[in-house]
Amino acid sequence: ALTFKERDDAVPEIFPRFVCSDKEIEGDLNRFWWERGFSYPSPGSGSIEWAEWAAVQWSWMGGEQRGGGMRMVSHYPMTDEGYVHTWGATVGWPLVHNRDTRHFDTNARFILACWRHYLWSGDIEFLRGQADRLRKAMKYQLEVLQGSKGLIVTPEIKTGRHEDLTDNYWDILPFGHLDAYANAYFYGSLTAMEQMENALGTAPLTDYAALREKAHRRYDEVFWNEKEGRYIGCVDIDGVNHDYGFTFVNMEALYYGLGDKAKAERIYHWMETGKSSTGKADI
């Protein structure tokens, strides 16, 4: 027997609140924010895949939300080689057990999460405590994943072919080899790492400004679909482009500073007027 109770919107005092002249909108905004920002996972996360998103959501608040996130990234496991685990103590994603389920956007997400937490907390001791791990994670991207050439390339076990396992957060979509999504995060991590090295007062071994320029150029060369006016998802190991209209790839690429004004306008035009699989302009 189930008893249904009236909804109770009471929340702890630490939860921030929107205030609007329209009280109905105010209620909707607060419920939306509390449900998305304070439900799962909070304040820490089992996977580094959510760590930067969590930092964006909570780090400006301080308190246990930020503290939990900072503790999580501070102790998050990585291999001796510098690969940042996908799922806590588990190296790969807990999807299947007879395949390599590592994601290769994890190193960038670790770097970005540390950056977000530092920007909001100003905790230089936190940054100093993570400095060696940050450099190790970046070195893995630049050397093992070939990011020093402008784009990270996933190991051959992540082919990007149809029905293969992904190499990023979108764990059942065919991403791999030259992955536009993972490379957007790689690009963002270059800015983050440069700024953290500046905060630490150390001379970085990598010219991040030059590498960022190279990465931007290569991203446009490899992933821009001029005909459709958007970025594709990936180029698989056979050289085949995969482009099914990835709104999240395009939005996040722009968010991290890729593209330019003209490309952004074309991306928005596609999303606003392009037809989806329904045959209607309802993207």
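All values reported here derive from a predicted model rather than from experimental measurement.

Peer 1: Looking at this model, I keep getting lost on the nonpolar core. Mind explaining?
Peer 2: Grouped burial of nonpolar side chains is what soluble globular proteins tend to show. Core analysis: the largest hydrophobic core is formed by 63 residues, its most contacted members being Val73, Phe110, Ile111, Met196, Tyr219, Phe223 and Val249. Those elements that provide at least two residues to this core are helix H3 (63-74), helix H4 (106-121), helix H5 (124-144), helix H6 (180-200), helix H7 (208-223), strand S4 (234-235), helix H8 (247-255) and helix H9 (261-273). With 11 residues, the single largest contributor to this core is H6. In contact with Phe223, other than residues within four places in its own chain, are Leu151, Leu178, Asp179, Ala180, Asn183, Arg230, Tyr231, Ile232, Cys234 and Val235.

Peer 1: Even after reading the chapter, I still don't get the packing of aromatic side chains, so can you show me in this structure?
Peer 2: Centre distance and the angle of the planes are the two values used to describe a pair of aromatic rings. According to the stated counting rule, one finds 22 aromatic pairs in the structure shown. When the centroid spacing of 5.0 Å and the interplanar angle of 75° are considered together, the rings of Trp224 and Tyr231 count as edge-to-face. The exposure class assigned to Trp224 is buried, which follows from its relative accessible area of 14%. What makes Tyr231 buried here is its relative accessible area of 0%. Between the aromatic rings of Phe246 and Phe248, the centroid separation amounts to 5.6 Å while the plane-to-plane angle is 70°, which identifies the pairing as edge-to-face. One exposure class covers both Phe246 and Phe248, and it is buried. By way of ring pairs, the aromatic residues Trp53, Tyr169, Trp170, Phe175, Tyr181, Tyr185, Tyr244, Phe246, Phe248, Tyr255 and Tyr256 are connected into one cluster.

Peer 1: Can you help me understand the environment of Asp282 in this one?
Peer 2: Along the polypeptide, Asp282 turns up in the segment after H9. A relative accessible area of 41% means that Asp282 is categorised as partly exposed. As for Asp282 and Gly63, which are separated by 219 residues in sequence, their C-alpha atoms are 41 Å apart. Beyond its immediate stretch of four places on either side in the chain, Asp282 contacts Gly274 and Ser276. Among the polar contacts made by the side chain of Asp282, one reaches the side chain of Thr278 at a distance of 2.9 Å.

Peer 1: I tried to follow the packing of helix H2 (residues 51-58) against H4 on my own but got confused; where do I start?
Peer 2: The relative placement of two packed helices comes down to the angle between their axes together with the axis-to-axis distance. With their axes 8 Å apart at the nearest point, H2 and H4 run at an angle of 15° to one another. The orientation of H2 with respect to H4, classified from their angle, is roughly parallel. The crossing of H2 and H4 is left-handed. For the pair H2 and H4, contact is made by Ala51, Glu52, Trp53, Ala55 and Val56 and by Arg109, Leu112, Ala113, Arg116 and His117, respectively. Its residues assigned to classes, the contact of H2 with H4 comprises 6 nonpolar, 1 polar and 3 charged.

Peer 1: Can you walk me through a nonpolar patch on the surface in this structure?
Peer 2: On the surface, a cluster of nonpolar side chains totalling about 240 Å² of accessible area is made up of Phe18, Ile25 and Leu29. Within the secondary structure layout, Ile25 lies in helix H1 (residues 23-38). By relative accessible area, Ile25 is classed as partly exposed at 45%.

Reading the values: rules and limits
Residues numbered from 1 in each chain as written. Predicted model: local features only at pLDDT ≥ 70, side-chain atom pairs only at ≥ 80, totals over all residues. Heavy atoms only, no water. Core = buried A, V, L, I, M, F, W, Y, C linked by side-chain atoms within 4.5 Å. Buried < 20%, exposed > 50% of the residue type's maximum accessible area, 1.4 Å probe, protein only. Helix = DSSP H or I, 4+ residues; strand = E, 2+ residues; numbered from the N terminus. Contact = heavy atoms within 4.5 Å. Phe/Tyr/Trp six-rings, centres within 6.5 Å; stacked < 30°, edge-to-face > 60°. Polar contact = N/O pair within 3.5 Å; in protein donor to acceptor, adjacent residues only side chain to side chain. Axes fitted to C-alpha atoms, helices over the stretch in contact; angles between N-to-C directions. Parallel < 35°, antiparallel > 145°, perpendicular 65-115°, else oblique. Left-handed = near helix turned anticlockwise from the far one by under 90°. Nonpolar A, V, L, I, M, F, W, Y, C, P; charged D, E, K, R; others polar. Patch = residues over 30% accessible without salt bridge, like charges linked within 9 Å, V, L, I, M, F, W, Y side chains within 5 Å. Areas by Shrake-Rupley, 256 points an atom, 1.4 Å probe, with all protein chains shown as cover. Salt bridge = Lys/Arg side-chain N within 4 Å of Asp/Glu carboxyl O.

Honestly, it's all geometry; don't read function into it.
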